[in-house]
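Survey of secondary and tertiary structure
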Amino acid sequence: MSEFTFFYLFAGLILISAFMTITVSNPVHSVLFLILVFVGSAAVLLLMEVEFLSLMFIIIYVGAIAVLFLFVVMMLDIKLSSSNNNYLRYLSIGGFLGFLFFVETYYLVETSVFAPQVDSSLVLESSYQDWITRLDTLTNMECLGQFLYTYYFFHFLIAGIVLLVGMIGAIVLTLHVNHTSKNQLICKQLSRQVKNATFLTTIS
Amino acid sequence: MLFFIIINVLKILSIVVPLLISVAYFTLAERKIMGAIQRRRGPNVIGWAGLLQPLADGLKLFAKETILPSNADLVVFVFAPMLTFILSLIGWAVIPFGEGLLISDIQVGILYLFAISSLGVYGIITSGWSSNSKYAFLGALRSAAQMVSYEVSIGFIIICVVLCVGSFNLTEIVLAQKSIWFCVPLFPMFIMFFISALAETNRHPFDLPEAEAELVSGYNVEYSAMGFALFFLGEYANMLLMSSLTTILFLGGWLPLFDIAPFNWIPSPVWFGLKLCIFVVLFIWFRATLPRYRYDQLMTLGWKVFLPLSLGYLLFTASMLVSFNWLPN
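Residues numbered from 1 in each chain as written. Chains lettered and ligands numbered in written order. Predicted model: local features only at pLDDT ≥ 70, side-chain atom pairs only at ≥ 80, totals over all residues. Heavy atoms only, no water.

1. Thoughts on the overall build of chain A
Counting secondary structure elements, chain A contains 9 helices and 0 strands. Reading chain A from its N end, one meets helices and strands in the order α-α-α-α-α-α-α-α-α. Taken across its 204 residues, chain A has 16% of its residues classed as buried. Taken as a whole, chain A presents about 17,600 Å² of accessible surface, with 70% of it coming from carbon and sulfur. (Helix = DSSP H or I, 4+ residues; strand = E, 2+ residues; numbered from the N terminus. Buried < 20%, exposed > 50% of the residue type's maximum accessible area, 1.4 Å probe, protein only. Areas by Shrake-Rupley, 256 points an atom, 1.4 Å probe, with all protein chains shown as cover.)

2. Section: the overall build of chain B
Per the secondary structure count, chain B includes 12 helices and 0 strands. Starting at the N terminus, the α and β elements of chain B follow one another as α-α-α-α-α-α-α-α-α-α-α-α. Scaling as 2.2 N^0.38, a compact globule of 329 residues should have a C-alpha radius of gyration of about 20 Å, and chain B matches this with 20 Å. If one aligns the C-alpha atoms of chain B with their principal axes, the spans along those axes are about 65 × 55 × 45 Å. (Rg over C-alpha atoms; globule rule 2.2 N^0.38 Å.)

3. A look at the UniProt feature "transmembrane region" (unreviewed entry) in chain B
Residues and elements named next belong to chain B. Here the UniProt-annotated "transmembrane region" (unreviewed entry) positions come out as residues 6–25, 75–98, 110–130, 150–168, 180–199, 236–257, 269–286 and 306–327. Across residues 75–98, the secondary structure splits into 67% helix and 0% strand, with the terminal C-alpha atoms separated by 40 Å. As a span, residues 306–327 carries 82% helix and 0% strand, and end to end its C-alpha atoms are 25 Å apart. (UniProt positions renumbered as here; feature names shortened; annotations may be inferred.)

4. A look at the nonpolar core
Residues and elements named next belong to chain B. If you look at the biggest cluster of nonpolar residues, it comprises 106 residues, and the most contacted ones within it are Ile-110, Tyr-122, Leu-249 and Phe-250. Two domains each donate at least three residues to this core, and these are domain 1 (1–63) and domain 2 (65–324). In contact with Ile-110, not counting residues within four places along its chain, are Ile-158, Val-162, Phe-168, Leu-170, Ile-173, Leu-245 and Leu-249. (Core = buried A, V, L, I, M, F, W, Y, C linked by side-chain atoms within 4.5 Å. Domains from an automatic or database assignment. Contact = heavy atoms within 4.5 Å.)

5. Things to note about the domain arrangement of chain B
Residues and elements named next belong to chain B. The domains assigned to chain B are domain 1 (1–63) and domain 2 (65–324). Just the C-alpha atoms count here: the centres of domain 1 and domain 2 sit 20 Å apart. Taken residue by residue, the interface counts 18 residues in domain 1 and 23 residues in domain 2. Summing the contributions of domain 1 and of domain 2, the shared interface buries around 1,900 Å²; its carbon and sulfur component is 86%. In this structure, the connection of domain 1 to domain 2 is made through 2 salt bridges. Inspection of the domain 1/domain 2 interface yields 3 residue pairs in polar contact (both at pLDDT 80 or more). Elements represented by at least two residues in the side of domain 1 that touches domain 2 include exactly helix 1 (2–37) and helix 2 (53–63). The element best represented in the side of domain 1 that touches domain 2 is helix 1, accounting for 15 residues. The residue inventory of the side of domain 1 that touches domain 2, partitioned by class, reads 14 nonpolar, 2 polar and 2 charged. (Buried area = accessible area lost by both parts, 1.4 Å probe. Salt bridge = Lys/Arg side-chain N within 4 Å of Asp/Glu carboxyl O. Polar contact = N/O pair within 3.5 Å; in protein donor to acceptor, adjacent residues only side chain to side chain. Nonpolar A, V, L, I, M, F, W, Y, C, P; charged D, E, K, R; others polar.)

6. Comments concerning the UniProt feature "transmembrane region" (unreviewed entry) in chain A
UniProt's entry tags residues 6–24, 31–48, 54–76, 88–109 and 151–175 of chain A with the feature "transmembrane region" (unreviewed entry), counted in the numbering of this structure. Taken end to end, residues 54–76 of chain A has its terminal C-alpha atoms 31 Å apart, with 96% of it in helix and 0% in strand.

7. Structural notes on the packing of aromatic side chains
In the structure shown here, the tally under the stated rule is 30 aromatic pairs over all chains. A centroid spacing of 5.1 Å and a plane angle of 90 degrees characterise the contact between Tyr149(A) and Phe156(A), whose relative ring orientation is edge-to-face. In textbook terms, an aromatic cluster arises when at least three aromatic residues are bridged by ring pairs, as seen for Phe187(B), Phe190(B), Phe193(B), Phe194(B), Phe250(B), Phe279(B), Phe283(B) and Phe286(B). (Phe/Tyr/Trp six-rings, centres within 6.5 Å; stacked < 30°, edge-to-face > 60°.)

Next up, the structure:
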């Protein structure tokens, strides 16, 4: 019972903060609500007992990506313009896409997640023990590792290559080698001794 | 149900109250040890040898007036110190003080601690932004950049230790060090972890966020009274948390120095506390002796020295474990 209470609490939090993200006028507040959405999703994952994924969600999305996002938004010149945009302008296309997304998700959830309904009065032993999982349990992470590196190692490698390409792209786009700026070479400074510190130069 | 709640509240209080007292005496120890290093007496008026000084400081901060800047973003401004304080307390839920002496023994304990410490940036960055002051904002930006960059090398070092243990559980990490503490085989990692912990908690010589000469006091300039006190308590509780994490990862947690008669009579929480004190004194010692880093040097150290070195040592550890067939499980 308490599990469902917490689920509705966090699901409500996610919905409310997602709505606030797109409606508040201050961009920084909007990012803060987005972070609240991430935290809420991590909490829902925790309720589903996938604690590894939930903590990874917090470490990666909240701890790294959203911080940088917040960083950029804070540096922007914020103009609190009272936007009188007509929200209903995008209703037709947005509603259509939302409907499609809802149907797909519903279909997925309906077919794969929920077990087929069984009338509980027909089952004699209602609470049976699954002794195999009782005796030989794998933790969350071990399960994930076994599956990921046994069956899906190819996808794992592909994901790594995609990330590498993304990283190299970002470096290439932002790296400007400036030959005129002075930089400090600590090894050069530390290797300075009496012998090489004084030397003669010819002044033309 | 009610019994369950009462028991849990008592458990939490039994961690939080001693923690706050130790934070208070950490500040006193800091002033006394720094006084000794600089050949002064330190606080010695209130109580016997100045032992009641932290309580007097707390009372002073409590009695002060809370000032809210008129242009501040009030909700975020009030929320930021609370967040810092809460995050510095909830990390202690998984710290084992002895075998089985902890609130929750979760399988992913070290990931939980890592997640909590990565959330710590938010208290600082939101306080700096919501103060609507240039000093606070610059301090917050510096602090956030610093914490994010040193977290990367901390992550690699933790993975290095976890590879040797084969579990994310803190109790198992300590028990794996029964034959040898990890500070011996992973000595470079141990040094780098402690330096990264200094940078992560914004302590000297990496205290750029509150460089007094340039930024007055960094992200918390606009805070007074209890808001400031919460930041202060959070910062010192975080230092204790990082010290205890270093103890658990590298100095064998609650394990005695040698497992023979006079050493294993001493109860395990005492060993844990003694090891924690080593790092507390190191934190203070570094503050009194080392000059502050320049900001570009700080970033160079984080990204160009620690990151490649920890990544390289991770590969080295993994290949050693694989080639000598030492991998756990």
